[in-house]
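Structure assessment
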Amino acid sequence: MEFSFTVLGSSAAIPALGRNLSAHIVQHDSNVFLIDCGDGTQLQLDKHKIKKQKINQIFISHLHGDHVYGLFGLLTSYSLFGRVNELEIFAPAGLKEMIDIVFEKSFAFLTYPIKVHLLPTEGFNLIFENNKLSVFSFPLKHRVACNGFLFREKEKPANINPDKIKKYNLDYESIKAIKSGSDYITADGICIPNSEMVFPKQPLRSFAYCCDTAYNLEMVPYLENCDLIFHDATFDKSNQENATLTLHSTSEEAAQIALSANAKKLLLGHFSSRNKSLEVLLQEAKSIFDASFLAEEGKKVVL
Ligand SMILES: [Zn+2]
Ligand SMILES: [Zn+2]
């Protein structure tokens, strides 16, 4: 089952040096989720062959323009395509009012319903789920209300080995019990451990999105053992003062978070145009957390 993260924009604040503003795709099974929607997102979706109509949930981390100004155009385009399916948007307070005023003043209307869910400002909260995946939000440290997101797979029922069904001539009730974890007792009273009746379970995968944020160890418990963390790495360490002032992170700080959370991989993104070379950011991160990578437009990480 596919679980992947695709970068559509890696630039902070302004599109620069060939880099676009924040927008990212999470694909899980047949679901396509959009995280953030900076200016230019529609063209990036087309360029990287993401089917816009498959997006039914959009997660907006915060209301700074580089994360949200592309949303109004995308919503309008959906109407021009004749969309009818409901679109859910998860965002901090204020987005609903922004959408309403933009559409009112430009006399635009939507052909489909939108439901705007208000993100909680405290704690770790389940905000969305389907039968295979849960999405949680948690607060980040930024100049405005800002949320990180954790996408975590749900526990699946075990897959029973078909050879065992044949061998023991299992009935429906026995199969159901074994799938939910019971051992099997044969007609002769021999106990066959559950682990011999089912295939080993695939480990559950998780992905965390932490952008924009200052260095924040408080969120580490939510990110424990993540397969992939995407983290704000706006500056290199020579710009530490700027990072602290604007509540962004350096790539070293991002690496420290990934290390503390025992993550498998770290993807650095949201780069300031002040960075002359992204290689410096990468090396600074790698000195702390070796499995660090740079976000770049179109890059897809499969979990
Ligand atoms: Zn930003
Ligand atoms: Zn911001």
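Small disclaimer: the values here were computed from a predicted structure and weren't measured.

Conventions used here
- Residues numbered from 1 in each chain as written.
- Chains lettered and ligands numbered in written order.
- Predicted model: local features only at pLDDT ≥ 70, side-chain atom pairs only at ≥ 80, totals over all residues.
- Pairing = 2+ DSSP bridges.
- Helix = DSSP H or I, 4+ residues; strand = E, 2+ residues; numbered from the N terminus.
- Right-handed = clockwise from strand over helix to strand, strands pointing away.
- Axes fitted to C-alpha atoms, helices over the stretch in contact; angles between N-to-C directions.
- Contact = placed C-beta atoms within 7 Å.
- Domains from an automatic or database assignment.

**Some words on the pairing of strand β5 (residues 87–91)**
- Bridge count between strand β4 (residues 55–59) and β5: 3 bridges; the pairing is parallel. Considered in β5, the bridge of Q57 is made with E88.
- Sheet analysis places β5 next to strand β6 (residues 114–118), joined by 5 bridges and oriented parallel. Its bridge partner being in β6, A91 is matched across the sheet by L118.
- On the question of chirality, the crossover connecting β5 to the parallel β6 by way of helix α4 (residues 95–105) is right-handed.

**Quick look at the sheet that holds strand β9 (residues 147–153)**
- Overall, mixed pairing links the 7 strands, which are arranged β7-β8-β9-β12-β13-β14-β15 in an open sheet. Edge positions in the sheet fall to β7 (125–129) and β15 (292–294), since each has one partner strand and no second. Neighbouring strand axes in the sheet, compared pairwise and without regard to direction, differ in orientation by 20° on average.
- With respect to the sheet, helix α10 (residues 251–260) is in contact with β13 (228–232), β14 (265–269) and β15, its orientation differing from that of β13 by roughly 150°.
- Across the sheet, helix α11 (residues 278–286) lies against β14 and β15, angled at about 170° from β15, the strand it touches most.

**Considerations on the domain arrangement of the protein chain**
- Here the domain parsing of the protein chain yields domain 1 (3–156 + 202–302) and domain 2 (162–197).
- Distance between the C-alpha centres of domain 1 and domain 2: 45 Å.

**Notes on the sheet that holds strand β2 (residues 23–28)**
- Ordered in space as β6-β5-β4-β3-β2-β1-β16, the 7 strands form an open sheet in which the pairing is mixed. At either margin of the open sheet sits one strand with a lone partner, and together these are β6 and β16 (300–302). This sheet shows a mean twist of 20° between the axes of neighbouring strands, independent of strand direction.
- Pairing of strand β3 (residues 31–37) with β4, which is carried by 4 bridges, proceeds in the parallel orientation. Within the sheet, the bridge partner assigned to F33 lies in β4 and is Q57.

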